[in-house]
Amino acid sequence: GIQVEQSPPDLILQEGANSTLRCNFSDSVNNLQWFHQNPWGQLINLFYIPSGTKQNGRLSATTVATERYSLLYISSSQTTDSGVYFCAVGSDKAAGNKLTFGGGTRVLVKP
Amino acid sequence: DAMVIQNPRYQVTQFGKPVTLSCSQTLNHNVMYWYQQKSSQAPKLLFHYYDKDFNNEADTPDNFQSRRPNTSFCFLDIRSPGLGDAAMYLCATSRDWAGGLNEQFFGPGTRLTVL
């Protein structure tokens, strides 16, 4: 199956700082999603981005499908950005186009 | 708002006592998924339905079963919960499998405790 690696595993930021999270994957995909898991455990959809670039407020993401990686940018970080960020990929080679998750990046934003 | 709903949010059961978790969706999506997430780990797919067609992951224990009586509802049955089944259980839906229609939307999860 597809392998998904996220880096860094942990990130500590001062409020207001910018950061980049990376997701590498091992095969072609037709689904790539970024999630933020809040303290209550809910996965919040950030981006659906199998290719290209998208922006939503202080967050943006870029996926370079040919090179098999995706980046999530957080600008002007706030304490509410704390939590775990997951990258997950799916492929039509996998039954049900199931999502395979990376190990996550745990982000702590300090005031 | 269209959404994925899971009940209950917290479930406590005893070792070996069957438990059922429920998921409903107002998105009218064809595909429904159940994931298990243990502490400090990534979610892991247990099984999924495309409409009424059930698909089990190869490494999902037999102790886990699922039912989808209609488009809107899906249930996860754990026949004899063990201590190792304590986890967050996440339900998700997608419109379809094809690219562009396969974005998955997650419910808030049910946190299962086994005593």
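Everything quoted here is computed from the prediction, not taken from an experiment.

### Some details on the overall build of chain B
- Of regular secondary structure, chain B possesses zero helices and 11 strands.
- Helices (α) and strands (β) of chain B occur, in sequence order from the N terminus, as β-β-β-β-β-β-β-β-β-β-β.
- The C-alpha atoms of chain B give a radius of gyration of 13 Å, which matches the 13 Å a tight globule of 115 residues would have.
- Seen through its C-alpha atoms, chain B measures out along the principal axes to roughly 40 × 30 × 30 Å.

### Focus on the packing of aromatic side chains
- Taken as a whole and judged by the stated rule, the model has 11 aromatic pairs over all chains.
- Ring geometry for Phe-64 of chain B and Tyr-89 of chain B: centres 6.1 Å apart, planes at 40°, overall tilted. Remark: Tyr-89 of chain B occurs in strand β9 (residues 87–94) and Phe-64 of chain B occurs in strand β7 (residues 64–67); sequence separation between them is 25 residues. Residues Phe-64 of chain B and Tyr-89 of chain B agree in their burial class; the two are buried.
- Through a chain of ring-to-ring contacts, the aromatic side chains of Phe-35, Phe-86 and Phe-101 of chain A together with Tyr-33, Tyr-35 and Phe-106 of chain B assemble into a single cluster.
- A cation over an aromatic ring shows up here: Arg-22 of chain A above the ring of Tyr-69 of chain A, its NZ or CZ 4.2 Å from the ring centre.

Here is what the cut-offs are and how they apply
- Residues numbered from 1 in each chain as written.
- Chains lettered and ligands numbered in written order.
- Predicted model: local features only at pLDDT ≥ 70, side-chain atom pairs only at ≥ 80, totals over all residues.
- Heavy atoms only, no water.
- Helix = DSSP H or I, 4+ residues; strand = E, 2+ residues; numbered from the N terminus.
- Rg over C-alpha atoms; globule rule 2.2 N^0.38 Å.
- Phe/Tyr/Trp six-rings, centres within 6.5 Å; stacked < 30°, edge-to-face > 60°.
- Buried < 20%, exposed > 50% of the residue type's maximum accessible area, 1.4 Å probe, protein only.
- Lys NZ or Arg CZ within 6 Å of the ring centre and 35° of its normal.

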